[in-house]
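# Fold and contact review
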Amino acid sequence: MADNHTPEERSYNMSRIRSKDTKPEEKVRKYLFSLGFRYRKNVRKLPGCPDIVLPKYKTVIFVQGCFWHMHDCGRFHWPTSNQEYWKPKIERNVERDKKNMELLRSMGWDILTVWECELSTKEKREHRLKRLAAEIKKKTEPNSLTNNA
Ligand SMILES: [Zn+2]
């Protein structure tokens, strides 16, 4: 198979290999599953192919990489070389995210985003996942039924 990656992509991929054992979205899924949440994953029928879809709560979850989705957390840095390649690519991602989220909302879905940096240590992860579960549970409150015009 031909390797079409730029050196930057390749080194980025290499840096990800150490965390290959459990991908961030898998960690989130495992946690939710352990709490009894049932979900579908990578639902291609929905805009943006959400990582986790909870039909019962009409909620989708995106687990986003800080680099690819330009998270404003200090983890994102523009690569110093090959900017003319990276800039449009990343900006397209951000633009696409925005559009997909608008579409999902217009379809009545609630959207939760978990950032990779929020899962970077065990402590942060436990904190974030606990909060996530609480955010999902909130979606079943009665007022979630009233704004469906
Ligand atoms: Zn981040």
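One can find the structure itself at the top, above this paragraph.
Report follows, based on the coordinates. Quantities reported herein were computed from a predicted structural model and do not represent experimental measurements.

### Regarding the environment of Arg96
Turning to its location among the elements, Arg96 is positioned in helix H3 (residues 83-106). Note: C-alpha distance between Arg96 and His69 (27 residues apart in sequence) is 9.7 Å.

### Let's talk about the sheet that holds strand E4 (residues 110-115)
Taken in spatial order, the 4 strands line up as E1-E2-E3-E4 in an open sheet, and their pairing is mixed. Because the sheet does not close on itself, it has two edges, and the strands there are strand E1 (40-41) and E4. Across 2 bridges, the pairing between E1 and strand E2 (residues 52-54) is antiparallel. Bridging from a neighbouring strand, Lys41 pairs with Ile52 of E2. Its contacts with the sheet place helix H2 (residues 24-34) against E1, E2, strand E3 (59-64) and E4, and it is angled at close to 140° to E3. Running at roughly 180° to E4, helix H4 (residues 122-138) makes contact with E2, E3 and E4 of the sheet.

### Topic: the nonpolar core
Counting residues in each nonpolar core, the largest one holds 15 residues, and the members touching the most others are Val28, Ile52, Leu54, Ile61 and Val114. Looking at this core, the elements that each hand over two or more residues are E2, E3 and H4. Per-element accounting of this core gives the leading share, 4 residues, to E3. When residues no more than four places from it in sequence are discounted, the contact partners of Leu54 are Phe37, Tyr39, Thr59 and Ile136.

### Some words on H3
If you check H3, its first and last C-alpha atoms are 34 Å apart, about what 24 residues at 1.5 Å a residue would give, namely 34 Å. Judged by how many residues are buried, H3 sits mostly at the surface: 0 of 24 residues are covered.

### Some words on the pairing of E4
Sheet topology note: the E3/E4 ladder contains 6 bridges and is parallel. Looking at the pairing, Val63 lines up with Val114 of E4. Handedness of the crossover joining E3 and E4 through H3: right-handed.

### A few points about H2
Within the sequence span of H2, burial applies to Pro24, Glu25 and Val28. All buried residues of H2 project into a common sector of 100° when viewed along the axis, lining one side. Exposed residues lying more than 90 degrees from the buried face of H2 are Lys30, Phe33 and Ser34. Gly36 occupies a position one or two residues after H2 and carries a positive phi of about 95°.

### Observations regarding the pairing of E3
Successive residues of a regular strand alternate their side chains across the two faces of the sheet. Judged by how many residues are buried, E3 sits mostly within the fold: 6 of 6 residues are covered. Alternating residues of E3 divide into Thr59, Ile61 and Val63 and Val60, Phe62 and Gln64, and every residue in both groups is buried. Taken together, the 3 bridges between E2 and E3 define a ladder with antiparallel strand orientation. The partner of Val53 across the bridge, within E3, is Val60.

### Let's talk about the environment of Val43
Within the secondary structure, Val43 is located in the loop between E1 and E2. For the pair Val43 and Val53, spaced 10 residues apart in the sequence, the C-alpha separation amounts to 7.1 Å.

### Considering unusual backbone geometry
For Asn42, which is not glycine, the phi dihedral falls at a positive 45°. By the element assignment, Asn42 lies in the loop between E1 and E2.

Cut-off values and rules
Each chain has its residues counted from 1, running along the sequence as written. In keeping with the model being predicted, local features are shown solely for residues with a pLDDT of at least 70 and side-chain atom pairs are shown and tallied solely at 80 or more, while totals for entire chains, interfaces and linings include all residues. By the criteria applied, helices consist of DSSP H or I runs no shorter than four residues and strands consist of E runs no shorter than two, each listed in order from the N terminus. When DSSP finds two or more bridges between two strands, those strands count as paired. Working definition of a contact: two residues with C-beta atoms, positioned from the backbone, lying within 7 Å. Here an axis means a line fitted to C-alpha atoms, over the contact stretch when the element is a helix, while the angle between two N-to-C directions is reported on a 0 to 180 degree scale. Only buried residues count toward a nonpolar core: Ala, Val, Leu, Ile, Met, Phe, Trp, Tyr and Cys, linked into one set through C-beta atoms within 7 Å. The exposure label follows from counting other C-beta atoms within 10 Å of a residue's C-beta, where the C-beta atoms are placed from the backbone and the thresholds are 20 or more for buried and 12 or fewer for exposed, leaving partly exposed in between. To estimate how far a helix should extend, the number of its residues minus one is multiplied by 1.5 Å. Look down the strands so they point away from you; if going from the first strand over the helix to the second traces a clockwise path, that crossover is right-handed. Think of it as the arc spanned by the lines of direction from the helix axis to the C-beta atoms.

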